[in-house]
Amino acid sequence: MDAACVEGSFISLACPSARQALCQIINVTEMKDMHRQKQNEEFNGTALGKVTWPETQYNLYIGLTLAITSSLFIGSSFILKKKGLLRLAEKGIARAGQGGYAYLKEWLWWGGLLLMGAGEAANFSAYVFAPATLVTPLGALSVLISAVLSSYALHERLNIHGKLGCLLCIVGSTIIVIHAPEEEGVHSLDEMQEKLKDTGFIIFASIIIIVSVVLIFFIAPKLGRTNILVYILICSLIGAFSVSSVKGLGLVIKELIENRPVVSKPFSWVLLLTLIISVGTQINYLNKALDTFNISLVTPIYYVLFTTTVITCSVILFKEWNGVNVKDVIGIISGFCTIILGIFLLHAFKDIEVTWQQLVSLTKKIEKEATNGFEHDDHHTLLENMGSPSARYEDEMHIFFDSRNDYLQ
């Protein structure tokens, strides 16, 4: 078929009514869309691989399940790692925020690390099956899980604001799942390699690298232990490369299962090296942030910055939003903002003791004051006037002038 597809050759096409047309090829264009080429190969029966990947609709459900499982593991790992770091602090050993690495000898920290590894593995697999726009925002569930578990394991209170924040996180995650794109933006390793050469991504990656280097070598040594944004911002910015590498390695595994020669490609090893460096950097600075600041502050800020960076990278690199209509884009943004609001309520008012009984009694008190508002206001005004120096001064002046007029008369 390929040998006959040259300029100047003729192709016979079958037409309706048992007729046949003879067409001459005047131009041949190389097909660059690998996904479309794969579909044509399957249609023509010329596909090389004997193993086929699951259907797209099942990919979405599998990726969704893996993302939720990942959030469960990662949310629990925060608690174990924090308890390990607290145990080291009680012993007076040099902390991670001070440059110490004694946490490597703490079994609770290792348990948290292994649990986080399992969560990241599930997250790794989720990126293979589902788009990053869907997988990344579901990390809010790990914030919810860590908040609930910290109320028991770390004795941190979860008041009515926290419960409402948890509910908003669930609602926002559901909205994102409904409106997220169902297909990945990149379907092959060669296609991803071409997208990495895009001018927009090169500018984005250059900015990320420059800002990260400035933060690591110049700002973190001076302000890292006093400003919570420094360590978390480093983790979030580097996360753009880790997620992109995970997505690329997912395509490597996918094509490896389909019997494609991807191991011999240097690009596959570049992705693996990038993933190791970026994840190692994230773990280092995330440990410093957890050891220096409260987990209730680190977790939500890290989620917001990390998710924003990853979604921006996915939009620029993978073009995941190209096939999404305006309604779904608004839905995704609304769901993300709902999650941010939930995280804010979950942690901003965590030290305020508010219960349902207090809200009910406060509502009844307000209703009672509104019913007796006139009498209450008069009584309140009378008390204020009695205690007001200006009122006494005016009364004294009035008495003085009245007695002076009586005297003159």
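Calculation rules
- Residues numbered from 1 in each chain as written.
- Predicted model: local features only at pLDDT ≥ 70, side-chain atom pairs only at ≥ 80, totals over all residues.
- Heavy atoms only, no water.
- Helix = DSSP H or I, 4+ residues; strand = E, 2+ residues; numbered from the N terminus.
- Buried < 20%, exposed > 50% of the residue type's maximum accessible area, 1.4 Å probe, protein only.
- Contact = heavy atoms within 4.5 Å.
- Salt bridge = Lys/Arg side-chain N within 4 Å of Asp/Glu carboxyl O.
- pLDDT = per-residue confidence, 0-100.
- Phe/Tyr/Trp six-rings, centres within 6.5 Å; stacked < 30°, edge-to-face > 60°.
- Expected span 1.5 Å × (residues − 1).
- Axes fitted to C-alpha atoms, helices over the stretch in contact; angles between N-to-C directions.
- Parallel < 35°, antiparallel > 145°, perpendicular 65-115°, else oblique.
- Left-handed = near helix turned anticlockwise from the far one by under 90°.
- Nonpolar A, V, L, I, M, F, W, Y, C, P; charged D, E, K, R; others polar.
- Core = buried A, V, L, I, M, F, W, Y, C linked by side-chain atoms within 4.5 Å.
- Disulfide = S-S within 2.5 Å.
- Patch = residues over 30% accessible without salt bridge, like charges linked within 9 Å, V, L, I, M, F, W, Y side chains within 5 Å.
- Areas by Shrake-Rupley, 256 points an atom, 1.4 Å probe, with all protein chains shown as cover.

## Some thoughts on the overall build of the protein chain
Check the secondary structure of the protein chain and you find 15 helices and 2 strands. Burial analysis of the protein chain (409 residues in total) assigns 40% to the buried set. Of the contacts made within the protein chain by residues no fewer than 6 positions apart, 77% connect residues no fewer than 24 positions apart.

## A word on the pattern of salt bridges
Enumeration according to the criterion identifies 2 salt bridges in this entry. The salt bridge involving Lys265 is made with Asp190; its shortest N-O contact spans 3.1 Å. Of the two residues, Lys265 sits in the loop between helix H9 (228–257) and helix H10 (266–292) while Asp190 sits in helix H7 (residues 189–195), which places them 75 residues apart along the sequence. Judged by relative accessible area, Lys265 falls into the partly exposed class, the value being 22%. Among the salt bridges present, the one from Glu194 reaches Lys197, with a minimum N-O distance of 3.9 Å.

## Considering the confidence of the model for the protein chain
For the protein chain, per-residue confidence averages 75 on the pLDDT scale, and 71% of positions sit at 70 or higher. Element-level pLDDT for the protein chain is lowest in helix H15 (residues 389–408), with a mean of 46, against a maximum mean of 93 in helix H8 (residues 199–223). Every residue in residues 41–54 scores below 50 in pLDDT, and together they form 16 contacts with partners more than four places removed in sequence or on other chains. With pLDDT under 50 throughout, residues 395–401 is counted as low confidence; its partners more than four residues away or in other chains account for 0 contacts.

## A short note on the packing of aromatic side chains
A full pass over the atoms with the stated rule returns 3 aromatic pairs. An angle of 35° between the planes, with centres 6.5 Å apart, marks the rings of Phe201 and Phe204 as tilted. Taken together, the residues Phe201 and Phe204, both in helix H8 and 3 residues apart, mark about one turn of the helix. The two residues Phe201 and Phe204 agree in class, both being buried. Here Tyr231 and Tyr285 contribute two aromatic rings whose centre-to-centre distance is 6.0 Å and whose plane-to-plane angle is 45°, an arrangement assigned as tilted. Placement of the pair is Tyr231 in helix H9 and Tyr285 in helix H10, with a sequence separation of 54 residues. When sorted by exposure, Tyr231 lands in the same class as Tyr285, which is buried.

## Here's the deal with H8
The first and last C-alpha atoms of H8 sit 33 Å apart over 25 residues, in line with the 36 Å expected at 1.5 Å per residue. Buried residues of H8: Phe201, Phe204, Ala205, Ile208, Ser212, Leu215 and Ala220, and no others.

## A short note on the packing of H9 against H10
Between H9 and H10, the shortest axis-to-axis distance is 8 Å and the interhelical angle comes to 150°. If you check the angle between H9 and H10, you find them roughly antiparallel. For the pair H9 and H10, the crossing hand works out as left-handed. Partitioned by chemical class, the residues of the contact of H9 with H10 number 16 nonpolar, 10 polar and 1 charged.

## Quick look at the nonpolar core
Among the nonpolar cores identified, the biggest contains 60 residues, and Met192 and Val298 are the most heavily contacted of them. Sorting the residues of this core by element identifies helix H2 (56–90), helix H3 (107–129), helix H4 (132–135), H7, H8, H9, H10 and helix H11 (295–317) as the ones contributing at least two each. For this core, the element with the highest residue contribution is H9, accounting for 15 residues. Not counting residues up to four positions away in its chain, the partners in contact with Met192 are Val186, Ser244, Gly248, Leu251, Phe267, Leu271, Leu317 and Phe318. In this structure, Ala147, Ile176, Ile339 and Leu346 belong to the second largest nonpolar core, which totals 12 residues.

## Let's talk about the state of the cysteines
In this structure the tally under the stated criterion is 0 disulfides. With no disulfide of its own, Cys166 lies 6.3 Å from the sulfur of Cys169, the closest cysteine sulfur. Relative accessible area serves as the criterion here: at 10%, Cys166 is assigned to the buried category. Under the relative-accessibility criterion, Cys169 is labelled buried at 0%.

## What to know about the side chain of Ser71
If you trace the backbone, Ser71 turns up in helix H2. For Ser71, the contacting residues outside a window of four places in its chain are Leu138, Gly139, Leu141, Ser142 and Ile145.

## Remarks on a nonpolar patch on the surface
Residues Ile209, Ile210, Val213, Val214, Phe217 and Phe218 make up a contiguous nonpolar surface patch of about 600 Å² in total accessible area. Along the polypeptide, Phe218 turns up in helix H8.

## Some points on the packing of helix H5 (residues 140–153) against helix H6 (residues 160–179)
At a minimum axis separation of 9 Å, H5 and H6 run at an interaxial angle of 160°. Comparing their axes, H6 and H5 come out roughly antiparallel. Where H5 crosses over H6, the handedness of that crossing is left-handed. On H6, the residues touching Ala140, Leu141, Leu144 and Val148 of H5 are Cys166, Cys169, Ile170 and Ser173.

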